[in-house]
Amino acid sequence: SVTILGANALWEDYLIMETYIEESVSGLERGSEVKFRGITIGKVEEITTVSKVYDTVKSYAYVRVKVFTSALPIPPGAQPDHTIEDRVNQGLRVSLASANITGGSYIETDYMDAATTPSLEIDWTPTSVYVPSVPSTLMRFQASLDTLLGNLAKTDIKGVVAAARDTF
């Protein structure tokens, strides 16, 4: 029974997608899961730098993933790659996520506001279906914290306190 299940997995239809990530991909490795809203839909196939795959000087991480078409809601008769491209236009994005306390990482896919989540600048034509990435939750939190701390540093706390004291 295990052999049959293993053989079936070898013949399962899949789609190759790629993304580029502009942050550390530490903890992500070949075989890491690819999830859509927490549901496993595929596996990471390759991780390297984009300059090893394309003629570019960009320093993004290149991540190629295998997504099982049976895990995707593809309309009957539709081509999986065209469906994914349509979903990218609707805001489908990927981000790096942390796998709890194990220290491992995985790729999470979900919809974002396409207008506020621009793609990274690329100067090559992807050879597979391209799904843009967004910074991980940790990177977005760090950016928000940096902004908050920067705004606090610009605030004249002594002046605010003096003005409040003068009011009373």
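Details of the structure are given in the entry above.
Residues numbered from 1 in each chain as written. Predicted model: local features only at pLDDT ≥ 70, side-chain atom pairs only at ≥ 80, totals over all residues. Heavy atoms only, no water.

**Student:** Would you mind showing me how to read the overall build of the protein here?
**Tutor:** Within the protein one finds five helices and seven strands. Walking the protein from its N terminus toward its C terminus, one meets helices and strands in the order α-β-β-β-α-β-α-β-β-β-α-α. Within the span of the protein, comprising 168 residues, buried residues form 33% of the whole. Partitioning the contacts of the protein with sequence separation of at least 6, the portion at a separation of at least 24 is 62%. On the protein, roughly 10,800 Å² of surface is accessible, and the fraction owed to carbon and sulfur atoms is 57%. (Helix = DSSP H or I, 4+ residues; strand = E, 2+ residues; numbered from the N terminus. Buried < 20%, exposed > 50% of the residue type's maximum accessible area, 1.4 Å probe, protein only. Contact = heavy atoms within 4.5 Å. Areas by Shrake-Rupley, 256 points an atom, 1.4 Å probe, with all protein chains shown as cover.)

**Student:** Looking at this structure, I do not really get the sheet that holds strand β6 (residues 105-111). What am I missing?
**Tutor:** In any sheet, the strands associate via hydrogen bonds between backbone groups, in a parallel or an antiparallel arrangement. Strand order in the open sheet formed by seven strands is β5-β6-β2-β3-β4-β1-β7, and the pairing between neighbours is mixed. If you trace the sheet from one side to the other, it starts and ends with β5 (92-98) and β7 (129-130), each paired once. Relative to β7, strand β1 (residues 14-21) runs parallel, the two being bridged by two bridges. In the sheet register, M17 faces β7, and the bridge partner there is V129. (Pairing = 2+ DSSP bridges.)

**Student:** Explain the nonpolar core here, please?
**Tutor:** Side chains that are nonpolar tend, in soluble globular proteins, to be buried together. Within the largest apolar cluster, 21 residues are counted, with the highest numbers of intra-cluster contacts made by M17, I84 and I107. Breaking this core down by element, the ones donating at least two residues are β1, β3 (39-49), β4 (61-68), α3 (80-89) and β5. Y20, V50, Y54 and L120 belong to the second largest nonpolar core, which has eight residues in total. (Core = buried A, V, L, I, M, F, W, Y, C linked by side-chain atoms within 4.5 Å.)

**Student:** Quick question: what am I supposed to make of the pairing of strand β2 (residues 33-36) here?
**Tutor:** Here is the key point about a regular strand: its side chains alternate between the two faces of the sheet. Where β2 meets β3, four bridges bridge the pair, whose relative direction is antiparallel. Considered in β3, the bridge of V34 is made with G42. Two successive antiparallel strands, β2 and β3, enclose a turn made up of two residues, where R37 displays a positive phi of approximately 50 degrees. Of the pairings in the sheet, the one linking β2 to β6 comprises three bridges and is parallel in character. Opposite F36, over in β6, you have T109 as the bridge partner.

**Student:** Even after reading the chapter, I still don't get the pattern of salt bridges, so can you show me in this structure?
**Tutor:** Opposite charge on two side chains allows them to pair when their charged atoms are near. According to the stated counting rule, one finds five salt bridges in the structure shown. The partner of E33 in a salt bridge is K35, with the nearest N and O atoms 3.4 Å apart. Judged by relative accessible area, E33 falls into the partly exposed class, the value being 29%. Across the pair R64 and E46 runs a salt bridge, and its minimum N-O distance is 3.3 Å. With R64 in strand β4 and E46 in strand β3, this residue pair connects regions lying 18 residues apart in the sequence. Here R64 falls in the partly exposed class, since its relative accessible area comes to 27%. (Salt bridge = Lys/Arg side-chain N within 4 Å of Asp/Glu carboxyl O.)

**Student:** Honestly, the side chain of R93 in this entry has me stumped. Any pointers?
**Tutor:** Looking at where R93 falls in the secondary structure, it is placed in strand β5. One buried charged residue, R93, remains without a salt bridge, the closest side chain of opposite sign being D113 at 8.1 Å. Within the local environment of R93, its side chain forms a polar contact with the backbone oxygen of V88, the two atoms lying 3.0 Å apart. When neighbours within four sequence positions are excluded, R93 is seen to be in contact with V88, E108, T109, D110, M112, A114, T117, V131, P132 and V134. (Lys, Arg positive; Asp, Glu negative; His and termini not counted. Polar contact = N/O pair within 3.5 Å; in protein donor to acceptor, adjacent residues only side chain to side chain.)

**Student:** Would you explain the packing of aromatic side chains in this entry?
**Tutor:** Applying the stated criterion to the full structure yields seven aromatic pairs. An angle of 55 degrees between the planes, with centres 6.4 Å apart, marks the rings of Y60 and W124 as tilted. Of this pair, Y60 sits in the loop between α2 (50-53) and β4 while W124 sits in the loop between β6 and β7, and the two are 64 residues apart along the sequence. For the pair Y60 and W124, a shared accessibility class is recorded, and that class is buried. A network of ring pairs unites the aromatic residues Y20, Y54, Y60, Y62, W124 and Y130 as a single cluster. (Phe/Tyr/Trp six-rings, centres within 6.5 Å; stacked < 30°, edge-to-face > 60°.)

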